[in-house]
Amino acid sequence: MNLRNDADGIIKESLAEILPDAAVEKALKGHTFANGRIVLVSVGKAAWQMARAAADVLGERIDTGLVITKYDHVMGEIPRVRCMEAGHPVPDENSFAATREALALTENLTAEDTVLFLLSGGGSALFEQPLIPAAELTDLTEQLLASGADIVAMNTLRKRMSAVKGGRFAEHCAPAAVFSIVLSDILGDPLDMIASGPAHPDSSTAADAHAVVEKYRLRLSPTATALLDKPLPTALPNVETHITGSVRELCAASAAAAERRGYTPVLLTDQLACEAREAGRFLAAIARTHASEGSYAYIAGGETVVQLRGKGRGGRNQELALAAAEGIAGLTNVAVFSVGSDGTDGPTDAAGGYVDGGTVAALAREGKSAAAALAENDAYPALNAVGGLIMTGPTGTNVNDVAVLLIRG
């Protein structure tokens, strides 16, 4: 029995199944473009993969283009397309410079032109032209990340601080058509929230934005507070959108990969939305109930959050796994892993974390404990000390996270 090998195999195979290439190809082959220029703008953690797929289909029909993605996510050159890397989850000067270039590429277009806009998660940080000073935007982003706010609450606020979010980028591209292919990384696929909706009308209200500020006790300058009430586009007749990818597909791929290894897959949910440590403890509780009943893979997809209480290093998937470790301690046939489909978990180089029944004892031998690490939000060094980090590198996709409890009968 090698639970770690099973976990690694499930991760590798399920991520390979959800790359966006086929979906981009299908959307493009079914679309007729006008006779003008095609300008490609691809933004997000999966931007390079999506742009390469588009270039494979359209070839020289693409006049020019730009990829804006996270550091170390560009995997090669794409003809006629400039690739730029920028900051995530906090935007940096490269985010702003790349966005300025995208705005310049899409200026002075005609009604015969098309902006092929490929969007994936991470765009909220990577694609940004702030209406407040950069330092203030960075502070606001860090406040939101530390608050435990979910992605919808975060984007409700961030889009109002931006010249490109909340439909403003599509408005900038007019009168050109915007043909948008979106790889969803938010539960329920709300188009105005994925990467803060640069090419989709806003459905949130000023009242919603004020409520986020109040709920999470955020510090805003008078300028930022005034922007909460500035109207966003409510209609974008120049936009056509195709949505592809979802955490449901990731869960299905994980289930199939587990079944090939002899596990009976059980989908618990593809709508997981709670604190990471609570999700980990819940999976551990399931393990204690069912540890002697056969070989099962209990699967939960979605996106958890972390409430920062300490000053350690980690991410939501690492924290979920470490929180499960104490509950499954001593169970020799049980493992829990959680992984971000984009290959990165929080501000770390790990995709997630793996624990099994021996993790707590292994931590003790290293002079560490799961409880102490969790108290400081310090999952990364704890898991690193016992070989519990999952390292995939950039995957080329981004459709939320999947956590799996493996029980080998």
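How each quantity is defined
- Residues numbered from 1 in each chain as written.
- Predicted model: local features only at pLDDT ≥ 70, side-chain atom pairs only at ≥ 80, totals over all residues.
- Heavy atoms only, no water.
- Pairing = 2+ DSSP bridges.
- Helix = DSSP H or I, 4+ residues; strand = E, 2+ residues; numbered from the N terminus.
- Axes fitted to C-alpha atoms, helices over the stretch in contact; angles between N-to-C directions.
- 1 Å grid on protein atoms, 1.4 Å probe; cavity = no way out; pocket = protein on both sides within 12 Å on 5 of 7 lines; lining within 4 Å.
- Points joined across faces, edges and corners; volume = space filled by probe spheres on them.
- Nonpolar A, V, L, I, M, F, W, Y, C, P; charged D, E, K, R; others polar.
- Contact = heavy atoms within 4.5 Å.
- Buried < 20%, exposed > 50% of the residue type's maximum accessible area, 1.4 Å probe, protein only.
- Right-handed = clockwise from strand over helix to strand, strands pointing away.
- Salt bridge = Lys/Arg side-chain N within 4 Å of Asp/Glu carboxyl O.
- Phe/Tyr/Trp six-rings, centres within 6.5 Å; stacked < 30°, edge-to-face > 60°.
- Lys NZ or Arg CZ within 6 Å of the ring centre and 35° of its normal.
- Expected span 1.5 Å × (residues − 1).

A.B. asks: I keep staring at the sheet that holds strand β3 (residues 81–86) and nothing clicks. Help me out?
C.D. replies: Where strands meet in a sheet, backbone hydrogen bonds hold them as pairs that are either parallel or antiparallel. On the basis of which strands lie adjacent, the open sheet formed by six strands has the order β3-β2-β1-β4-β5-β6 and parallel pairing. Both edges of this open sheet fall to β3 and β6 (239–244), since each of them pairs with a single strand only. The average angle at which neighbouring strand axes cross in this sheet is 15 degrees, direction not considered. Here strand β4 (residues 114–119) runs beside strand β5 (residues 177–183); their pairing, made up of six bridges, is parallel. Within the sheet, the bridge partner assigned to Phe117 lies in β5 and is Ser180.

A.B. asks: Looking at this structure, how should I read empty space enclosed by the protein?
C.D. replies: Rolling a probe over the atoms, with the probe sized like a water molecule, indicates the empty space that remains. Summed over the entire model, instances satisfying the criterion amount to two cavities of 30 Å³ or more. Quantified by volume, the largest cavity comes out at close to 60 Å³. Taken together, Leu119, Ser180, Val182, Leu191, Gly197, Pro198, Ala199, His200 and Thr241 form the lining of the largest cavity. Classifying every residue of the lining of the largest cavity gives five nonpolar, four polar and no charged. The space that makes up the second largest cavity amounts to roughly 30 Å³. If you go around the second largest cavity, the residues you meet are Leu272, Ala300, Gly302, Thr304, Asn317, Leu320, Ser338, Asp401, Val402 and Ala403. If you list the elements that add at least two residues to the lining of the second largest cavity, you get β8 (296–302), α13 (316–325) and β12 (401–407). With three residues, β12 is the largest single contributor of residues to the lining of the second largest cavity. Considering only residue class, the lining of the second largest cavity consists of five nonpolar, four polar and one charged.

A.B. asks: I would appreciate a short explanation of the sheet that holds strand β10 (residues 352–356) in the present structure.
C.D. replies: The six strands are arranged β7-β8-β12-β9-β10-β11 in an open sheet whose pairing can be described as mixed. Where the open sheet ends on each side, the last strands, each with one partner, are β7 (264–272) and β11 (389–390). As defined by bridge partners, strand β9 (residues 334–340) adjoins β12 across seven bridges and the pair is classed as antiparallel. When the bridges of β12 are listed, Val336 appears paired with Leu405. Packed onto the sheet, helix α11 (residues 247–260) meets β7, β8 and β12 and runs at close to 165 degrees relative to β8.

A.B. asks: Honestly, the pairing of β8 in this entry has me stumped. Any pointers?
C.D. replies: Look at any regular strand and the pattern is simple: side chains alternate between the two faces of the sheet. Counted residue by residue, β8 has six buried out of seven residues, so it is predominantly covered. Alignment of β7 against β8, held across six bridges, turns out to be parallel. In the sheet register, Thr264 faces β8, and the bridge partner there is Tyr296. After leaving β7, the chain enters helix α12 (residues 276–290) and then returns to the sheet as β8, a path that is right-handed. Pairing of β8 with β12, which is carried by seven bridges, proceeds in the antiparallel orientation. Among the inter-strand pairings, Tyr298 is bridged to a residue of β12, identified as Leu405.

A.B. asks: Whenever I open this one, the pattern of salt bridges confuses me. Can you help?
C.D. replies: Note that side chains of opposite charge can pair when their charged atoms are close. Summed over all chains, the structure comprises 21 salt bridges. Its salt-bridge partner being Asp270, residue Arg248 comes within 2.5 Å of it at the nearest N-O pair. In this pair, Arg248 sits in helix α11 while Asp270 sits in strand β7, placing the two residues 22 residues apart along the sequence. Using a relative accessible area of 55% as the deciding quantity, one classes Arg248 as exposed. The network of salt bridges with common partners includes Lys159, Arg160, Asp192 and Asp202.

A.B. asks: Is there a simple way to explain the packing of aromatic side chains in this structure?
C.D. replies: Given two aromatic rings, their pairing is described by the distance between the two centres and the angle made by the two planes. In this structure the tally under the stated criterion is five aromatic pairs. Three or more aromatic residues link up through ring pairs in this structure, and these residues are Phe117, Phe127 and Phe169. Note that Arg4 overlies the ring of Tyr354, its terminal NZ or CZ placed 4.8 Å from the centroid.

A.B. asks: I keep staring at the layout of surface pockets and nothing clicks. Help me out?
C.D. replies: Volume-wise, the second largest pocket comes out at about 170 Å³. Lining the second largest pocket, in full, are Gly148, Asp150, Ile151, Val152, Ile186, Leu187, Ala273, Cys274, Glu303, Val305 and Asn400. Of the residues belonging to the lining of the second largest pocket, the class tally is seven nonpolar, two polar and two charged.

A.B. asks: Looking at this structure, how should I read helix α3 (residues 47–58)?
C.D. replies: The α-helix winds at 3.6 residues per turn, so residues separated by three or four positions along the chain end up facing the same way. Here α3 is twelve residues long and its end C-alpha atoms lie 16 Å apart, about the 16 Å a rise of 1.5 Å per residue gives. Burial within α3 is extensive, with nine of its twelve residues counted as buried. Among the residues making up α3, those that are buried are Ala47, Trp48, Gln49, Met50, Ala51, Ala53, Ala54, Ala55 and Leu58. Those residues of α3 that are buried are in contact with α2 (21–29), β1 (38–43), β2 (64–70), β3, β4 and β5. Just beyond α3, the residue with positive phi is Gly59, at close to 55 degrees.

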